[in-house]
Amino acid sequence: MAISYDDKELEDYVNEINKIAQEHPILVDKYMLGKELEVDAICDGEDVLIPGIMEHLERAGVHSRR
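Residues numbered from 1 in each chain as written. Predicted model: local features only at pLDDT ≥ 70, side-chain atom pairs only at ≥ 80, totals over all residues. Heavy atoms only, no water.

**Considering the environment of E38**
Note the following rule: Only DSSP runs of H or I covering at least 4 residues are called helices, and only runs of E covering at least 2 are called strands; the numbering of each starts at the N terminus. Contacts between residues were defined by any pair of non-hydrogen atoms, one from each residue, lying within 4.5 Å.
By the element assignment, E38 lies in strand β1 (residues 37–43). Here the alpha-carbon distance between E38 and G52, two residues 14 residues apart in the chain, equals 8.0 Å. Setting aside chain neighbours within four positions, we find E38 in contact with G52, I53, M54 and H56.

As structure tokens, then:
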């Protein structure tokens, strides 16, 4: 798991993990200021399918705090 702060960092990370055999899909999350939402996307390298976009109604991080 890694946090990328720009496109270059993301590209470098993906290139690094692809040096080894990649048997599983890669999950990419993006944090956007203002609203918390979740977008599910599936890509086969050419086409992208977005089966769901969900807005979170509770504050960000409310479930991960103790």
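From this point on, the discussion continues.
**Looking at the pairing of strand β2 (residues 48–55)**
Stated formally: Here the rule is simple: two strands pair whenever DSSP picks up at least two bridges between them.
Pairing analysis gives 6 bridges linking β1 to β2, with the strands arranged antiparallel. Across the sheet, residue V39 finds its bridge partner in β2, namely I53. What sits between β1 and β2 in their antiparallel hairpin is a turn of 4 residues, with G45 showing a positive phi close to 100°.

**Concerning a nonpolar patch on the surface**
Formally: Candidate patch residues must exceed 30% relative accessible area and have no salt bridge, after which like charges are joined if within 9 Å and Val, Leu, Ile, Met, Phe, Trp or Tyr side chains if within 5 Å. Areas reported as accessible are Shrake-Rupley estimates using a 1.4 Å probe. Residue values count occlusion only from the protein chains shown. In the sections that follow, a salt bridge refers to a side-chain nitrogen of Lys or Arg positioned within 4 Å of a carboxyl oxygen of Asp or Glu.
On the surface, L37, V39, V48, I50 and I53 cluster together into a nonpolar patch covering about 460 Å² of accessible area. Elements with a contribution of two residues or more to the nonpolar patch: β1 and β2. With 3 residues, β2 is the single largest residue contributor to the nonpolar patch. Along the chain, I50 falls in strand β2.

**A closer look at a negative patch on the surface**
Rules: Under the counting rule used here, the positive set is Lys and Arg, the negative set is Asp and Glu, and His together with the chain ends is not counted. Working definition for charges: the position is that of NZ of Lys, CZ of Arg, CG of Asp or CD of Glu.
Taken together, D6, D7, E9 and E11 make up a surface patch of like negative charges. Relative to the elements of secondary structure, E9 occurs in helix α1 (residues 7–17).

**A look at the environment of Y5**
When you line up the elements, Y5 lands in the segment before α1. With 26 residues separating them along the chain, Y5 and Y31 place their C-alpha atoms 10.0 Å apart.

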